[in-house]
Amino acid sequence: MGVTYYKRFRMELSLRGFARACVELPEGYELVPWHESLLEAHADVKCRSFAGEVDSQVFPCLGDAGGCLRLMREISNKPGFYPEATWLLMHRMPYVGRIDYCGTVQAIVTRERFGLSIGGIQNLGITPEHRGRGLGTRLLFQALSAMANSRVRRASLEVTTQNSRALELYQAIGFRRTKTVYKAVEVAYT
Ligand SMILES: CC(C)(COP(=O)(O)OP(=O)(O)OC[C@H]1O[C@@H](n2cnc3c(N)ncnc32)[C@H](O)[C@@H]1OP(=O)(O)O)[C@@H](O)C(=O)NCCC(=O)NCCS
């Protein structure tokens, strides 16, 4: 066994100005608010979004269906779980009408720093075939705006530095690095 260290940035963003932000989606896409009956759908989208991506090496549970289901149960049972900022993205195929869930985001709110609330974004994911259309940005905006509407002052998240697509997205929205951490992951040598 060996250990690989993944460099990760903790990033934060002031939510001032995000309240009442209106998210418009391309045709065929809809935002679906959290309901506990959607737990398995969130887990499934999470698995399809993270499989084969660098974060499934950093957090192996993200790489398989059972791990994603356990993680979703864990997140939704946490005391700070924030349903208002937890969303699924749905795609309706034109003419056929068949629907497919293609994006997920969740949030956990904690009290920090002089009693102010900070909202932690968890596992933003867009399935591969729907990427590059601004959906990840819009889904994150939706979660940030929901938190800002409930007077959460700041948002935070962690991103693996190798994940340049996610890092660029967060920087473009205005997230800034506040800390660098290293996540140790055990790897089996073959
Ligand atoms: C990260 C992720 C959510 C982005 O979703 P997306 O819908 O493709 O993102 P967007 O279309 O909103 O793109 C936002 C920005 O990301 C960056 N980006 C998008 N596609 C990119 C690509 N192919 N190459 C490099 N950067 C890219 C760009 O900065 C882009 O801004 P621009 O469109 O103004 O140039 C998606 O790639 C994903 O689910 N990845 C796997 C799971 C993951 O790693 N999640 C993040 C955990 S921290």
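Scroll up to find the structure.
Residues numbered from 1 in each chain as written. Predicted model: local features only at pLDDT ≥ 70, side-chain atom pairs only at ≥ 80, totals over all residues.

## Looking at the overall build of the chain
Our working rule: Here a helix means four or more residues in a row that DSSP labels H or I, a strand means two or more in a row labelled E, and each is numbered from the N terminus. Radius of gyration here is computed from C-alpha atoms only, and the compact-globule reference equals 2.2 Å multiplied by the residue count raised to the power 0.38. Counting other C-beta atoms within 10 Å of its own, a residue is labelled buried from 20 upward, exposed at 12 or fewer, and partly exposed in the gap between, with every C-beta atom placed from the backbone. Remark: residues whose backbone-derived C-beta atoms lie within 7 Å of one another are considered to be in contact.
Broken down by element type, the chain carries 5 helices and 7 strands. Seen in sequence order, the chain has helices and strands lined up from the N terminus as β-β-α-α-α-β-β-β-α-β-α-β. The C-alpha atoms of the chain give a radius of gyration of 16 Å, which matches the 16 Å a tight globule of 190 residues would have. Structurally, the chain occupies a C-alpha span of about 50 × 45 × 30 Å along its principal axes. Put simply, the chain has 190 residues, and 33% of those count as buried. Contacts in the chain between residues far apart in sequence, at least 24 positions, make up 72% of those at least 6 positions apart.

## Here we look at the environment of glutamine 57
Structurally, glutamine 57 is set in helix 2 (residues 55–58). For the pair glutamine 57 and lysine 46, spaced 11 residues apart in sequence, the C-alpha separation works out to 14 Å.

## Quick notes on the site of the ligand
Cut-off, in case you're wondering: Residues are classed as near a molecule or strand if the C-beta position derived from their backbone is within 6 Å of it. Polar here means any residue outside two lists: the nonpolar Ala, Val, Leu, Ile, Met, Phe, Trp, Tyr, Cys and Pro, and the charged Asp, Glu, Lys and Arg; Gly therefore counts as polar.
The ligand sits among 22 residues. The nearest are Arg131, Gly136, Thr137, Glu168 and Leu169. Only helix 1 (39–50), strand 5 (116–126), helix 4 (135–149) and helix 5 (164–173) provide two or more residues apiece to the shell around the ligand. Ranked by residue count, the leading element in the shell around the ligand is helix 5, at 6 residues. Taken together, the residues that form the shell around the ligand break down as 8 nonpolar, 8 polar and 6 charged.

## Some remarks on the environment of alanine 188
By the secondary structure assignment, alanine 188 is in the segment after strand 7 (176–187). Spatially, the C-alpha atoms of alanine 188 and leucine 69 are 25 Å apart, while their sequence positions differ by 119 residues.

## A word on helix 1
We count it as follows: Take the residue count of a helix, subtract one, and multiply by 1.5 Å to get its expected span.
Counted at 1.5 Å a residue, the expected span for helix 1 with its 12 residues is 16 Å, and the 17 Å between its end C-alpha atoms agrees. For helix 1, the full list of buried residues reads His42, Ala43, Val45, Lys46, Cys47, Arg48, Ser49 and Phe50. Backbone geometry just after helix 1 places glycine 52 at a positive phi near 80 degrees.

## Here's the deal with the nonpolar core
Using the following cut-off: Core membership is restricted to buried Ala, Val, Leu, Ile, Met, Phe, Trp, Tyr and Cys residues, and these are joined into a nonpolar core through C-beta atoms within 7 Å.
Residues Leu15, Ile121, Ala143, Leu144 and Met147 are the most contacted members of the largest nonpolar core, which totals 34 residues. Listed by contribution, the elements that provide at least two residues to this core are strand 1 (2–14), strand 3 (87–92), strand 4 (99–112), strand 5, helix 4, strand 6 (154–160) and helix 5. If we ignore the near neighbours within four places in the chain, the residues touching leucine 15 are Leu144, Met147, Ala148, Val152, Arg153, Arg154 and Ala155. Grouped together as the second largest cluster of nonpolar side chains are 8 residues, Ala43, Leu62, Leu71 and Ile75 included.

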